[in-house]
Amino acid sequence: MRRVLLIATLIGASSISGCGTAVVSRAPTAKEIRAAFAGSPAPLARLHAQANRLVATTPAKFRAVLSSLAGYPVIVNQWGSWCGPCRTEFPVLQQAALRLGRRVAVVGLDVSDDPGRAAAFVRRFPVTYPSYVDPSARVAFSLKAGAYYPTTQFYDRSGKLAFTHLGPYRSVGQLLADATAHAGA
């Protein structure tokens, strides 16, 4: 019986951490954030002011957010705290958003998540942008983001979807290269 409990515990621990490896937050410090975002244009500064918040939304409200960012490239990352690959990707997002934040809008789309678990997750892995809460996946469906998690969409300065990346980013460099190539970052 002990052996069964030990195996179950090990399996549970590896699934919580994301594919068997411990995920470590790479959240920037307050000083790094201030330095990186100093002089941000007003639309991006408004996003920075909502850092790490979970914001209720609808498809129409989310489209309004995207419209308010016209003239800036936008990255939308679809995630859920229940998604192992999403969890392993968050440290990459923490660092990439810091490097892009003065010229690119980054937003999260928390899909089909438990509110308490999502809140606990963003406390553990704080980001410099808000995540819009999409409990029924209506926003994700309206964006044609699909049912693959994580999914990252890149919109160009005119608001046109330029590229969709399925799966987790494993490096900051890979995400930054896609932002430059597909969104004009």
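Residues numbered from 1 in each chain as written. Predicted model: local features only at pLDDT ≥ 70, side-chain atom pairs only at ≥ 80, totals over all residues. Heavy atoms only, no water.

A.B. asks: I'd like a description of the packing of aromatic side chains, backed by residues and values.
C.D. replies: Counting across every chain of the model gives eight aromatic pairs. With centroids separated by 4.9 Å and ring planes inclined at 70°, the aromatic side chains of Trp82 and Tyr149 adopt a geometry described as edge-to-face. Of this pair, Trp82 sits in the loop between β2 (74-79) and α5 (84-100) while Tyr149 sits in the loop between α7 (138-142) and β5 (151-155), and the two are 67 residues apart along the sequence. In this structure Tyr149 comes out as buried when scored by relative accessible area, which is 16%. Joined through ring pairs, the aromatic side chains of Trp79, Phe90, Phe121 and Phe125 make up one cluster. (Phe/Tyr/Trp six-rings, centres within 6.5 Å; stacked < 30°, edge-to-face > 60°. Helix = DSSP H or I, 4+ residues; strand = E, 2+ residues; numbered from the N terminus. Buried < 20%, exposed > 50% of the residue type's maximum accessible area, 1.4 Å probe, protein only.)

A.B. asks: Account for the nonpolar core, naming residues and giving values.
C.D. replies: Among the nonpolar cores identified, the biggest contains 45 residues, and Phe62, Ile75, Val76, Phe90, Leu109, Leu143 and Leu175 are the most heavily contacted of them. No other element matches the seven residues that α5 contributes to this core. Look past the residues within four positions of Ile75 in its chain and what remains in contact with it is Leu100, Val104, Ala105, Val106, Val107, Thr152, Gln153, Phe154, Leu175 and Ala179. (Core = buried A, V, L, I, M, F, W, Y, C linked by side-chain atoms within 4.5 Å. Contact = heavy atoms within 4.5 Å.)

A.B. asks: How would you sum up helix α6 (residues 115-124)? Please name residues and give values.
C.D. replies: By the burial criterion, the buried members of α6 are Ala118, Phe121 and Val122. Burial along α6 is one-sided: seen end-on, the buried residues are contained in an arc of 90°. Of the residues in α6, the exposed ones pointing more than 90 degrees away from the buried face are Arg117 and Arg123. Buried residues along α6 sit against β1 (54-56), β2, α5 and β3 (105-111). The distance from a side-chain oxygen at the start of α6 to the backbone nitrogen of Gly116 is 3.1 Å, and the residue carrying that oxygen is Asp114. (Arc of directions from axis to C-beta. Polar contact = N/O pair within 3.5 Å; in protein donor to acceptor, adjacent residues only side chain to side chain.)

A.B. asks: Describe helix α4 (residues 59-68), and please don't skip the residues or the numbers.
C.D. replies: Those residues of α4 that sit buried are Pro59, Phe62, Val65 and Leu66. Down the axis of α4, the sector holding all buried residues measures 120°, keeping them to one side. More than 90 degrees from the buried face of α4, the exposed residues found are Ala60, Lys61 and Ser67. Considering only its buried residues, α4 is in contact with β2, β3, β4 (131-134) and α7.

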